[in-house]
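# Coordinate inspection notes
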Amino acid sequence: MTAVRLSLRSGAVLALASLAGLMMLCWPLLVHGGGTVQPPFLFLLLLPVIVAVVLAELGEGGLDPRVLAVLGVLSAVNAVLRGISAGTAGVELVFFLLVLAGRVFGPGFGFVLGCTSLFASALTTAGVGPWLPYQMLVSAWVGMGAGLLPRRASGRTEIAMLAAYGVVASYVYGLLLNLQGWPLLTGVAVPGHTGNLSFDPSASLWQNLATFGRYTLLTSTGSFDTGRAITTAVAVVILGPAVLTTLRRAARRATVVGVVRGETVGY
């Protein structure tokens, strides 16, 4: 079922917001010239507004109270799971539930859950900071992507697909968040590596991409991101069948109420 239905207008708003968020993540790579890169404080103000607009648009059609209850419960559970794991050595338990919920309830619900889960966990773990809007947006993409996966897969094939998606999403999440902060770092040094790993405003796009690739590979991909990917895949394989059954039982009891204007896009 699709707990949060996407009208044509909602889909357009979501696509534009995602494009704006991606530009906010990648903006330094598109700017050339000497000097020091300054943090985009305007982006820090705009991104929460964009996320709020998307959430308001997705909820415009009206949500059944049971859908809101499920959203609240899953957001709270994810907040607790993130607080327990806290990303230590890359162990991040929040992703597996986000992927499974997005799969069952659809891309709109996955997007909203990604935002609310990271926001709730930030409040409970004192993780509120300028990085939070980026974390919320990228996590929302993870949940939305899970809802867009092929619907025909079932049984072991479905579990394998979700586990593989969890691995890819874990690496992409780490890469995008690294991209958000990397241009602001200076004098990046990694033991055993003698080259420069800092962003160079005067370098070309491809030179900076190559430098960023080395940076994220040495500092994140082989450690935290891999730990997150393994944790997510193992949790999906072991707990996935039982959790999917429970979520689908809840999904059958949750319905969408109200009128959604425009043509509804089903997934």
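Look up: the structure comes first, before these words.
Residues numbered from 1 in each chain as written. Predicted model: local features only at pLDDT ≥ 70, side-chain atom pairs only at ≥ 80, totals over all residues. Heavy atoms only, no water.

With that settled, consider the overall build of the protein chain. The number of helices and strands found in the protein chain is 8 helices and 2 strands. Walking the protein chain from its N terminus toward its C terminus, one meets helices and strands in the order β-α-α-α-α-α-α-α-α-β. Residues classed as buried in the protein chain amount to 48% of the 267 residues present. Sequence separation of 24 or more characterises 81% of the internal contacts of the protein chain that already satisfy a separation of 6 or more. (Helix = DSSP H or I, 4+ residues; strand = E, 2+ residues; numbered from the N terminus. Buried < 20%, exposed > 50% of the residue type's maximum accessible area, 1.4 Å probe, protein only. Contact = heavy atoms within 4.5 Å.)

Two numbers describe how helix α4 (residues 94-105) lies on helix α6 (residues 132-147): the axes approach to 6 Å, and their chain directions differ by 45 degrees. As summarised for this structure, α4 and α6 are arranged oblique, according to the angle between their axes. The element α4 and its partner α6 pack so that their crossing is right-handed. In contact with Phe95, Leu98, Val99, Gly102 and Arg103 of α4, α6 contributes Ser139, Val142, Gly143, Ala146 and Gly147. (Axes fitted to C-alpha atoms, helices over the stretch in contact; angles between N-to-C directions. Parallel < 35°, antiparallel > 145°, perpendicular 65-115°, else oblique. Left-handed = near helix turned anticlockwise from the far one by under 90°.)

Time to look at the packing of aromatic side chains. A full pass over the atoms with the stated rule returns 3 aromatic pairs. Seen in terms of ring centroids, Phe212 and Tyr215 are 6.4 Å apart; in terms of plane orientation they differ by 35 degrees. Their pairing is tilted. On the criterion of helical spacing, the pair formed by Phe212 and Tyr215 is a turn pair, its members being 3 residues apart in helix α8 (residues 205-253). Looking at Phe212, the relative accessible area reads 5%, which means it is buried. (Phe/Tyr/Trp six-rings, centres within 6.5 Å; stacked < 30°, edge-to-face > 60°.)

Moving on, we get to the environment of Glu158. Turning to its location among the elements, Glu158 is positioned in helix α7 (residues 155-181). Remark: the alpha-carbon pair of Glu158 and Arg103, spanning 55 residues in sequence, is separated by 9.8 Å. Glu158 has contacts with Arg103, Ala153, Leu244 and Arg248, leaving out every residue within four places of it along the chain. In terms of polar contacts, Glu158 uses its side chain to reach the side chain of Arg103, at 2.8 Å. (Polar contact = N/O pair within 3.5 Å; in protein donor to acceptor, adjacent residues only side chain to side chain.)

Another point: the nonpolar core. Counting residues in each nonpolar core, the largest one holds 61 residues, and the members touching the most others are Leu74, Phe105 and Phe109. Broken down by secondary-structure element, the contributors of at least two residues to this core are α1 (8-26), α3 (65-85), α4, α5 (107-124), α6, α7 and α8. (Core = buried A, V, L, I, M, F, W, Y, C linked by side-chain atoms within 4.5 Å.)

Honestly, it's all geometry; don't read function into it.
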